[in-house]
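# Structural features, examined
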Amino acid sequence: VGVRLVPALAQEGSREVLRQLRVDWPSGSAGSALPDAILALKRALGQCPYAIACEQGLGRAVLAEDVIYKVHLKSFVEQQGLMGYDPNLDVLLVTEGKLQSLAELQQAVLQCTVRKLVALPASHFLDIVPFCHTIAFELPACALLQAGGQGSCYSIVHVVSCEEEFQQQQLDLLWRILDPGAHTALQKHLVCGPVKVTNPSSPIRADQYFQLRKRQMYEASVMKYGELAQDEAWTEVIDTLTVAAIRFEMLSTAHRSQITLDLEDSSISTKGTKSGAFVMYNCARLATLFDTYQRAVERGTYPPLPPVSELNFSCLREEGEWLLLFNYLLPFPEVLQQAAQLPAPTKGIRITANTETVCKFLIQLSMDFSSYYNRVHVLGEPFPHLFDQMFARLQLLGAVRDMFHSALATLHLPPLSQI
């Protein structure tokens, strides 16, 4: 799957927030071909039966100066028999800005057809929804273009906040009118619910939200780990924990539902069961376990882990061990498949994605793993008659560790080796 993200961002503040959230979004202009593409769209408007030019004159006073055409979207929708569009869509006032947005989409399609796309993981889609949720504080809607395979197999997905859905449907229809073809007929819309803040004293921007969560994560870490958390080496750890907390806060709720942010200090913790930091904490516990075991092997305290074929898994008798196997390890591939799918609707233009699946899976996994790990001593006394059980548990937890890493990779989060 190749993915192109549109539009490119010109605002430095928006790019910086996305960089901090580790979202790789294109920036800068769309290139020298954009002015020619806009001129072509204007010529198409001049020949469009649904468009009326806005000439200079007495009647022009009621329109904004940058309006160049009026397009009757409702007539087009009715004649084409299109389903799922807002019934209030009527006359669109076309401006230079709208044509520029449309030209960027067209250029993305053209670039897909003339060169092979750089392959990105399907999980890259999960980056888009927190972008729309978080940056919805201050940015207009964005669009995601996916192209699969060779030729002209495209799927154009408008990922848009609910506040901008109406405007994005206007852009969708304008594109269909001016550039009829298979690619514009395949447009779909993934709508993100609103982001609300409990008891806001004033509106909060996305950059302020990030800095607030980072400060809270730092203070929570200092409270738990003392002066260690103030060391320079903890800077990257705090940044990773902050990004994890925000991604989980945004993605643990279905994208179409409202998110309510509680900005109080008590709402974020390094060990809260609803926090991405709790997931990262348990991932770090596993890293520490295997690091401790490896150092013990090097000292000669324990023998190296034997091949899987030589392990005695009948030694796994704890209920928590079988729970990790049957509730998490075995169904994990299906969880990833569900998270990456974009099922096509039977009718209309809206689609849904299970963007919350991986976060909920990781949170529940962390809770069950933590419960098991607090009860069981994996690295026991170095007696030979205890090695079989220790090896079986290490093999099981090694698979759990790899599962943590794979799931976090779909959220573009690096695993922490220590906290």
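Residues numbered from 1 in each chain as written. Predicted model: local features only at pLDDT ≥ 70, side-chain atom pairs only at ≥ 80, totals over all residues. Heavy atoms only, no water.

Here the focus is the sheet that holds strand 3 (residues 67–72). Read across the open sheet, the 3 strands follow the order 2-3-4; overall the sheet is antiparallel. Looking at strand neighbours, the two that pair on one side only are strand 2 (51–53) and strand 4 (91–95), the edges of this open sheet. On average, each strand axis in the sheet is inclined to that of its neighbour by 25 degrees, with strand direction left out of account. When strand 2 meets strand 3, the two strands line up antiparallel, connected through 3 bridges. (Pairing = 2+ DSSP bridges. Helix = DSSP H or I, 4+ residues; strand = E, 2+ residues; numbered from the N terminus. Axes fitted to C-alpha atoms, helices over the stretch in contact; angles between N-to-C directions.)

Judged by nonpolar contacts, the single largest core of 76 residues is most densely connected at Leu324, Leu362, Leu365, Leu397 and Val400. Formed jointly, this core draws a minimum of three residues from each of two domains, domain 1 (3–192) and domain 2 (206–411). Ignoring any residue separated from it by four or fewer positions in sequence, one finds Val400 in contact with Leu286, Leu324, Leu329 and Leu365. Judged by nonpolar contacts, the second largest core, of 32 residues, contains Ala51, Val71, Phe76 and Val77. (Core = buried A, V, L, I, M, F, W, Y, C linked by side-chain atoms within 4.5 Å. Buried < 20%, exposed > 50% of the residue type's maximum accessible area, 1.4 Å probe, protein only. Domains from an automatic or database assignment. Contact = heavy atoms within 4.5 Å.)

With that settled, the discussion passes to the environment of Cys192. Mapped onto the elements, Cys192 comes out in strand 7 (residues 187–192). Here Cys192 falls in the buried class, since its relative accessible area comes to 0%. In the structure, Cys192 is positioned 30 residues away from Cys162 in sequence and 5.7 Å away in space, judged by C-alpha atoms.

So, on to the packing of helix 3 (residues 73–80) against helix 6 (residues 165–178). Where helix 3 contacts helix 6, the axes come no closer than 11 Å and their chain directions differ by 65 degrees. Overall, the two elements helix 3 and helix 6 adopt an arrangement that is roughly perpendicular. Crossing of helix 3 against helix 6: the hand is left-handed. Of the residues in helix 6, those in contact with Leu73, Phe76 and Val77 of helix 3 are Gln170, Leu173, Leu174, Arg176 and Ile177. (Parallel < 35°, antiparallel > 145°, perpendicular 65-115°, else oblique. Left-handed = near helix turned anticlockwise from the far one by under 90°.)

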